[in-house]
Structure formats: C-alpha cells, structure tokens
Amino acid sequence: MPIYEYECKKCGEDMEIVHGITEKPKTRCPECGGKLKRLISLNSFHLKGTGWYKTDYAAKPKGDEKNHKPKAEAEKKSKEEKTSEKSNAAA
C-alpha cells in the first residue's frame, strides 16, 4: 500500500498515512481535527542502469556510414578467416 504525506492546515503537523489507492484521501487531522492537505513528495523509485534515457536509444545519423563500414568489413574478414581455417583443417 502506498504511503501518502499530509499536512494539517490548523496545527501544521506533517504526517505520513498508509492507505490504498482506491480509498478516498484523508480529510481530517487525527491530532486536532483540522483539515488535511495532501502533499506531493519525492518517491524512492530510481531507474538505474542503461536504457532509461532518450540518449540511450538515439538513432544513428543518416550520413554516418563511415563508422559502420569498418565494422561490417571486420565481420566479413572474420567470417572469411574462419572459412579458410576450416578449409585448411579439412585438407
């Protein structure tokens, strides 16, 4: 169940009250009976690691083919070397 933070307008008391999401917000202070105001507070939920920001999924610029060619060529050469090694081993 979530923890909600309230402040009493009459006595100024800050309090945390646990109640369900579907329950109506509390309206009266349990200390003095004054009106409660629900506060918005920071949560303790943190997204850590990669993949949570727009920059982690940024698209590669379209004219940036120079960076992609060497990698593709390196993979092609690696495959060719493996194929030639298998041919040499079989012979």
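That block above? That's the structure.
These numbers were taken from a predicted model, which means no experiment stands behind them.

Turning to the nonpolar core, a few remarks are in order. In terms of nonpolar packing, the biggest core is built from 7 residues, these being Tyr4, Tyr6, Cys8, Met15, Ile17, Cys29 and Leu36. Those elements giving two or more residues to this core turn out to be β1 (3-8) and β2 (14-18). Broken down by element, the residue count for this core peaks at 3 residues, all from β1. Discounting residues that sit within four places of it in the chain, Leu36 has contacts with Tyr6, Glu7, Cys8, Met15, Ile17, Lys26, Thr27, Arg28 and Cys29.

Moving on to a positive patch on the surface. A contiguous patch of positive charge on the surface is contributed by Lys9, Arg28, Lys35 and Lys37. One can find Lys37 in strand β3 (residues 36-39). According to the relative accessible area criterion, Lys37 is partly exposed, its value standing at 44%.

It is worth spelling out the sheet that holds β3 at this point. Taken in spatial order, the 3 strands make up an open sheet running β2-β1-β3, and their pairing is antiparallel. Looking at which strands have only one partner, the edges of the open sheet turn out to be β2 and β3. The average undirected angle you get between the axes of adjacent strands in this sheet is 40 degrees. Pairing of β1 with β3, which is carried by 4 bridges, proceeds in the antiparallel orientation.

On to the environment of Ile3. As for its position among the elements, Ile3 is in strand β1. For the pair Ile3 and His19, spaced 16 residues apart in sequence, the C-alpha to C-alpha distance is 6.7 Å. Once residues lying within four places of it in the same chain are set aside, the contact partners of Ile3 are Glu16, Ile17 and Val18.

Judged by side-chain polarity, Met1, Ile3 and Val18 come together as a nonpolar surface patch covering roughly 360 Å² of accessible area. Along the chain, the position of Met1 falls in the segment before β1. Judged by relative accessible area, which is 72%, Met1 ranks as exposed.

Throughout the structure, instances matching the rule amount to 1 salt bridge. In this structure, the salt-bridge partner of Glu23 is Lys26, at a minimum N-O distance of 3.6 Å. For Glu23, a relative accessible area of 37% gives the class partly exposed. Overall, Lys26 belongs to the partly exposed group, its relative accessible area being 32%.

Cut-offs applied
- The written sequence of each chain sets the order in which its residues are numbered from 1.
- Note on the predicted model: pLDDT of at least 70 is required for a residue's local features to be given, and 80 or more for side-chain atom pairs to be given and counted; whole-chain, interface and lining totals, by contrast, use all residues.
- Excluding hydrogens and water, the side-chain values take into account all heavy atoms of the structure.
- Side-chain atoms within 4.5 Å link the members of a nonpolar core, which is a set of buried Ala, Val, Leu, Ile, Met, Phe, Trp, Tyr and Cys residues.
- Buried, partly exposed and exposed residues are distinguished by accessible area as a fraction of the type maximum, computed with a 1.4 Å probe on protein chains only: under 20%, between the cut-offs, and over 50%, respectively.
- Only runs of H or I of at least four residues qualify as helices and only runs of E of at least two qualify as strands under DSSP, and these elements are numbered from the N terminus.
- Any pair of residues with heavy atoms lying within 4.5 Å of one another is described as a contacting pair.
- Patch criteria: residues need more than 30% relative accessible area and no salt bridge. Like-charged residues are merged within 9 Å; nonpolar side chains of Val, Leu, Ile, Met, Phe, Trp and Tyr are merged within 5 Å.
- Each accessible area is a Shrake-Rupley result for a 1.4 Å probe, and residues are judged covered by the shown protein chains and nothing else.
- Basic side-chain nitrogens of Lys or Arg form a salt bridge, by our definition, when they fall within 4 Å of a carboxyl oxygen of Asp or Glu.
- We treat Lys and Arg as the positive residues and Asp and Glu as the negative residues; His and chain ends play no part in the count.
- The atom standing in for a charge is NZ when the residue is Lys, CZ when it is Arg, CG when it is Asp and CD when it is Glu.
- In this scheme, strands are said to pair when DSSP sees at least two bridges between them.
- Lines are fitted to the C-alpha atoms to define the axes, a helix being fitted only along its stretch in contact, and any angle between axes, read from their N-to-C directions, falls within 0 to 180 degrees.

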